[in-house]
Amino acid sequence: MSELAIFGGEPAVTYVGTGKNDGSDMFKWPVVTDEDRAAVLDVINKGAMSGTDITREFEREFCEWMGAKYALGTNNGTAALHAAMFACGLGRGDEIICPSITFWASCTSAYSLGATVVFADVDPETLCLDPKKLEEKITDKTKAIMVVHYCAHPADMDAIMAIAKKHNLKVIEDVSHAQGGKYKGKMLGTIGDIGAASLMSGKSFAIGEAGMLWTDNQEIYERAVAFGSYERFYTYEMQSEELKKYAGAPLGGFKHRMHQVSAAMGRVQLRHYDDRCAEINKAVKYFEAGIKDIPGIRLVHVDESDGSTMAGWYVPVIRYNPDELGGLSITRFCEAMRAEGVSVNPGVNRPLHTHPVHTMADVYHDGKPTYRAFSDRDIREGDKDLSVSSIINEQAFFLPWFKHYRPEIIDQYIAAFKKVVENHKELLEGDKGNQGTLGGWFRFNHAKKS
Ligand SMILES: Cc1ncc(COP(=O)(O)O)c(C=O)c1O
């Protein structure tokens, strides 16, 4: 009988979380202690859920940690990004450039501002916006670039900022996957004009449904406040004479206020965040060293020699090369890995440029697809060159995200990869190839790949 579990062998990963100190919290996140519980209970006991006092404290501490002048807590990351786009002046007929491989919230709310989304390709090494493919996407309508530090990897900010400067464009950093990560010693989110992030429970900085934006630019900050935070949109909080005229009601008509239960938890989580990320970093590095000589797979990582880091390692990505494994499809590979006890599925985020929301939906009754409601050209014509984004899901998948440095458990994962790769020839026979659309955290309704 084959050694492979898919053919009846013993699975390589034998540990199952059943109780204390046996590895059951290996993947559990966030780490919640009595300190979090006390802070959250205090908010509830005081009935302070809808206030802003704790959120302002959290913002102040977040600013200190980030090294930013202003921060604004929001009720989710989507709201933070929406406000950031408005704050950067995005409006009717403008274009924002966004990588196709990201979560929809990085860009989709641009349509509600009357702007449209132009997709750019990602770098095959980092899976972040590829600066080499960026400039060709710029037109006289381009107002901003959305940079996503995808799965904790810092984007190539020097090159992106140089292009933005040349064309006088605003840069928004979506730090939802990379809170606390650094690029050349600088905190991610402090290099462009504004940073914004999701802090929802699935993220590495995880405090419930919450978001944050931050900037050094007072004008940008005030516009973000004016958009969806009426409770601090008062004349005495604003320097801008223009904005003061409208103080008291949000310009966007949105209410973005952060729930203070999240803010209270955020203050506690922040105190421990860097240490917890350091442990994750150690765990992932240990795993990486263990798989480095295994053909067909490698971990997407950052070269740390210049002070760049991947804080939190939010869902580490494995690049898969079928050519090194006799053409074995990623689907078959992942199937064999799951049988070994490693929870992996083919693909990462699905490309956004093929999603019907970005190709056909007439959301606001303009009599034409929303993406070109205020555009005088069909910007989707330019999507043909998104070659990396179009095939990345056949060549990458998410690794279970270790939260603790426990070599004896991580060794089992390394052994599972070794075993499947060493025996990959046995898998070729039953390989039906990749079926349907791969990737995606949620069941996106994507058009079939042509
Ligand atoms: C890259 C990215 N941007 C934005 C968001 C949206 O944040 P939220 O879910 O908090 O609204 C997410 C995920 O949730 C994300 O992964």
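Please read all numbers here as calculations on a predicted model, not as lab measurements. Each chain carries its own residue numbering, running from 1 in the direction its sequence is written. A pLDDT threshold of at least 70 governs which residues receive local features in this predicted model, and a stricter bar of 80 or more applies before side-chain atom pairs are shown or counted, although totals over entire chains, interfaces and linings include all residues.

Some points on the overall build of the chain
Spelled out, the test is: Each helix is a run of DSSP H or I of at least 4 residues and each strand a run of E of at least 2, with the numbering of both proceeding from the N terminus. A radius of gyration in this sense is built from C-alpha atoms; the matching globule rule multiplies 2.2 Å by the number of residues raised to 0.38. The burial criterion counts other C-beta atoms lying within 10 Å of a residue's C-beta, which is placed from the backbone; the residue is buried at 20 or more, exposed at 12 or fewer, and partly exposed between these limits. Contact criterion: two residues are in contact if their C-beta atoms, reconstructed from the backbone, are within 7 Å.
The number of helices and strands found in the chain is 12 helices and 12 strands. What you see for the chain is a C-alpha radius of gyration of 23 Å, in line with the 22 Å of a compact globule of 450 residues. Summarising its shape, the C-alpha atoms of the chain cover approximately 80 × 55 × 40 Å along the three principal directions. Here the chain holds 450 residues, and the buried ones make up 48% of them. Counted over contacts in the chain with a minimum sequence separation of 6, partners at least 24 positions apart contribute 72%.

A few points about helix 5 (residues 218-228)
Counting buried positions over the 11 residues of helix 5 gives 9, a clear majority of the element. Among the residues making up helix 5, those that are buried are Ile220, Tyr221, Glu222, Arg223, Ala224, Val225, Ala226, Phe227 and Gly228. If you follow the buried residues of helix 5, they end up packed against strand 1 (70-74), helix 3 (77-87), strand 8 (194-198), strand 9 (211-215) and helix 6 (241-244).

Remarks on the site of the ligand
Short version of the rule: We call a residue near a molecule or strand when the C-beta position, derived from backbone atoms, sits within 6 Å of it. We call Asp, Glu, Lys and Arg charged. Ala, Val, Leu, Ile, Met, Phe, Trp, Tyr, Cys and Pro are nonpolar, and the rest, Gly among them, are polar.
In the region of the ligand, 15 residues are neighbours, and Asn76, Gly77, Thr78, Phe103 and Ser198 sit closest. For the shell around the ligand, the element with the most residues is helix 3, which contributes 3 residues. Here the shell around the ligand is composed, by residue class, of 5 nonpolar, 9 polar and 1 charged.

Points about the nonpolar core
What counts, and what does not: The nonpolar core is taken to be a set of buried Ala, Val, Leu, Ile, Met, Phe, Trp, Tyr and Cys residues joined by way of C-beta atoms within 7 Å.
The biggest cluster of nonpolar side chains holds 128 residues, and the ones touching the most others in it are Ala84, Met85, Ile96 and Leu213. Broken down by element, this core gets its largest block of residues, 11 residues, from helix 7 (residues 260-291).

Examining the sheet that holds strand 1
Inclusion rule: Here, strands pair whenever DSSP counts at least two bridges between them. Helix axes are fitted only over the stretch in contact, all axes being lines through C-alpha atoms; the angle between N-to-C directions runs from 0 to 180 degrees.
Across the sheet, 7 strands lie side by side as 1-9-8-5-4-2-3; this open sheet has mixed pairing. Edge strands, defined here as strands with exactly one partner in the open sheet, are strand 1 and strand 3 (116-120). Looking at each pair of strands side by side, their axes are set apart by 20° on average, direction ignored. The pairing of strand 8 with strand 9 spans 4 bridges and is classified as antiparallel. Looking at the pairing, Ala197 lines up with Met212 of strand 9.

Topic: the packing of helix 7 against helix 11 (residues 407-422)
Under the convention used in this document: For a crossing to be left-handed, the near helix must be turned anticlockwise from the far one by less than a right angle; the clockwise case is right-handed.
At a closest axis distance of 9 Å, the pairing of helix 7 and helix 11 adopts a crossing angle of 35°. Here helix 7 and helix 11 pass one another in a crossing that is right-handed. Counted together, Ala283, Tyr286, Phe287, Gly290 and Ile291 of helix 7 and Pro407, Ile410, Tyr413, Ile414 and Phe417 of helix 11 form the full contact between these two elements. Grouping the constituent residues of the contact of helix 7 with helix 11 by class yields 9 nonpolar, 1 polar and no charged.

Considerations on the pairing of strand 11 (residues 317-320)
Alignment of strand 10 (residues 297-299) against strand 11, held across 3 bridges, turns out to be antiparallel. Note that in strand 11 the partner of Arg298 across the bridge is Arg319. Sheet topology note: the strand 11/strand 12 (residues 396-398) ladder contains 3 bridges and is antiparallel. Its bridge partner lying in strand 12, Arg319 is registered against Ala396.

Some remarks on the pairing of strand 9
Of all 5 residues in strand 9, 5 are buried, a share of seventy percent or more. For strand 1 and strand 9, the ladder comprises 5 bridges, and the chain directions are antiparallel. Bridge pairing in strand 9 links Tyr70 to Thr215.

Focus on the sheet that holds strand 10
Whether parallel or antiparallel, the strands of a sheet pair through hydrogen bonds between backbone atoms. Here we have 3 strands laid out as an open sheet, ordered 10-11-12, and antiparallel in their pairing. Of all the strands in the sheet, the pair left with one neighbour each is strand 10 and strand 12. For this sheet, the mean inter-axis angle between neighbouring strands, taken without regard to orientation, is 30°.

Looking at the packing of helix 2 (residues 53-66) against helix 7
Any two packed helices are characterised by the angle at which their axes cross and by the distance between the axes. Relative orientation of the contacting elements helix 2 and helix 7 amounts to 35°, with a least axis distance of 8 Å. For helix 2 against helix 7, the interelement crossing comes out left-handed. Residues Ile54, Thr55, Glu57, Phe58, Glu61, Phe62 and Trp65 of helix 2 form the contact with helix 7, whose own contacting residues are Gln260, Ala263, Ala264, Gly266, Arg267 and Leu270. When grouped by side-chain class, the residues that make up the contact of helix 2 with helix 7 number 7 nonpolar, 3 polar and 3 charged.

Things to note about unusual backbone geometry
The omega angle of the peptide bond from Trp29 to Pro30 is 0°, so this bond is cis rather than trans. Looking at the element boundaries, Pro30 is found in the segment before helix 1 (34-46). The phi dihedral of Ala152 falls on the positive side, at around 80°, and the residue is not glycine. Residue Ala152 is classed as buried on the basis of its 30 C-beta neighbours within 10 Å. If you check the backbone angles, Val315 has positive phi at about 35° while not being a glycine. Take Val315: it is sitting in the loop between strand 10 and strand 11.

Here we look at the environment of Ala115
Residue placement: Ala115 occurs in the loop between strand 2 (95-99) and strand 3. Of the residues examined, Ala115 has 27 C-beta atoms within 10 Å and is grouped as buried. Along the chain, Ala115 and Asp94 lie 21 residues apart, while their C-alpha atoms are 4.7 Å from each other. Those residues within four positions of Ala115 in sequence are excluded, and the remaining contacts are Leu90, Gly91, Asp94, Glu95, Ile96 and Ala110.

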